[in-house]
Amino acid sequence: MNKSASITTGGTFRFGLLLLAMPLLLWLFLLVILPHVDLFLVSMRERISYGKYEFSLINYIEFFAEPLYWNTYVRTAVMSIFATALTLIIGFPVSYYIAKVMRGKGKNVLFLMCLIPFWVSELVRTFGWMILLRESGVISNFLQWAGLADGPVEMLYNDAAIMVGLVYTSMLFMVVPLVSVLDSLDDSLIEAGYDLGGNTFTVTRDIVIPHAMPGIASGCIVVFMLTLGNYLTPNLLGGKDSLWFTEQIYTQFITRFNWESGSAFGFLLLILSSVIVWVGLKLSKQTLSETVG
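As the structure is a prediction and not an experimental result, all values here were calculated from the model.

## Section: the packing of aromatic side chains
Two measures describe an aromatic ring pair: the distance that separates the ring centres and the angle between the ring planes.
Phase 1 of the analysis: One pass over the structure, following the stated rule, counts 16 aromatic pairs.
Phase 2 of the analysis: Considering the side-chain rings of Trp70 and Tyr73, the 5.9 Å spacing of their centres and the 25 degrees angle between planes classify their relative orientation as stacked. With Trp70 and Tyr73 both in helix α3 (residues 67-101) and three residues apart, this pair spans about one turn of that helix.
Phase 3 of the analysis: Given the relative accessible area of 10%, Tyr73 is considered buried.
Phase 4 of the analysis: Geometrically, the ring pair formed by Phe253 and Trp259 is edge-to-face, given 5.4 Å between the ring centres and 80 degrees between the ring planes.
Phase 5 of the analysis: Within the aromatic cluster, the residues linked to one another by ring pairs are Phe63, Phe64, Tyr69, Trp70, Tyr73, Phe245 and Phe265.

Next up, the structure:
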């Protein structure tokens, strides 16, 4: 009697767990797995005539055969890695100051100030930088007024402008995980480090950074993925010469109506992001479960 009751209870528990997990499983299958499978299948076909296709690797061959595509692909990866590193360098001191230095209401106010820019869309924030950096913008007028420039200074449509926009639009996604993980660091450990003869550099290297490594890895993954797949900021701040790979994907899908090449480019971007994230996790000696947790 007890055995049958335990079996019934176990079956009910598993069924209830399956029902709870069903929305997540459906979301993963319908919005993640299925679209990527279809993306791959489309990328592996060649259009012979209207409505007729055959299996082919021509879309991937064309990618590696065309220097523009390959150079844009590598350039996007390098600049995304650099933007992620720059975001970490700027965001870590800010996060440490919020988590360990500020106290009381000042801590909440400072954290709120980091959130306020993200209350508006990325488009509005990017246009804000365009107003600041254009030749008739605030910075150019100030340089002329201060006598530091003889005429209007155009700061848009270059790599520096792209980098400023990428770092600004992704800063919050670095600060939030870092503040969360640094909040859990016991202040007595930092004090003990100084009491044992450590300085700011050694305490940061041996105590703060190892403790914050899961947050660093998590923030870097999110920022890198957002930067690599960003379309709006590089194209608005970099102009037609931005050479960002998402622009090539957009061109194939929307301008040329070449869904086969666009799918191949999209799948190659997925491979690139997955490989770089995997390498980053190996170098930081973190696991995906640790960064997510």
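## Let's talk about the environment of Leu269
Phase 1 of the analysis: Here Leu269 is to be found in helix α12 (residues 259-284).
Phase 2 of the analysis: Classification of Leu269 as buried rests on a relative accessible area of 12%.
Phase 3 of the analysis: The sequence separation of Leu269 and Tyr97 amounts to 172 residues, and the corresponding C-alpha distance is 36 Å.
Phase 4 of the analysis: Apart from residues lying up to four places away in sequence, Leu269 is in contact with Tyr73, Leu228, Phe245, Thr246 and Ile249.

## Re the layout of surface pockets
Phase 1 of the analysis: Estimated volume of the largest pocket: approximately 390 Å³.
Phase 2 of the analysis: Along its surface, the largest pocket is lined by 17 residues, and Thr84, Cys220, Ile276, Gly280 and Leu281 are the ones closest to its centre.
Phase 3 of the analysis: Looking at the lining of the largest pocket, the elements with two or more residues in it are α3, α9 (200-228) and α12.
Phase 4 of the analysis: Tallied by class, residues from the lining of the largest pocket come to 14 nonpolar, three polar and no charged.

## A few points about the UniProt feature "domain: ABC transmembrane type-1" (unreviewed entry) in the protein chain
Phase 1 of the analysis: If you check UniProt for "domain: ABC transmembrane type-1" (unreviewed entry), the listed places come out as residues 73-280 in our numbering.
Phase 2 of the analysis: End-to-end, the C-alpha atoms of residues 73-280 are 19 Å apart, and along that stretch the chain is 78% helix and 0% strand.

What counts and what doesn't
Residues numbered from 1 in each chain as written. Predicted model: local features only at pLDDT ≥ 70, side-chain atom pairs only at ≥ 80, totals over all residues. Heavy atoms only, no water. Phe/Tyr/Trp six-rings, centres within 6.5 Å; stacked < 30°, edge-to-face > 60°. Helix = DSSP H or I, 4+ residues; strand = E, 2+ residues; numbered from the N terminus. Buried < 20%, exposed > 50% of the residue type's maximum accessible area, 1.4 Å probe, protein only. Contact = heavy atoms within 4.5 Å. 1 Å grid on protein atoms, 1.4 Å probe; cavity = no way out; pocket = protein on both sides within 12 Å on 5 of 7 lines; lining within 4 Å. Points joined across faces, edges and corners; volume = space filled by probe spheres on them. Nonpolar A, V, L, I, M, F, W, Y, C, P; charged D, E, K, R; others polar. UniProt positions renumbered as here; feature names shortened; annotations may be inferred.

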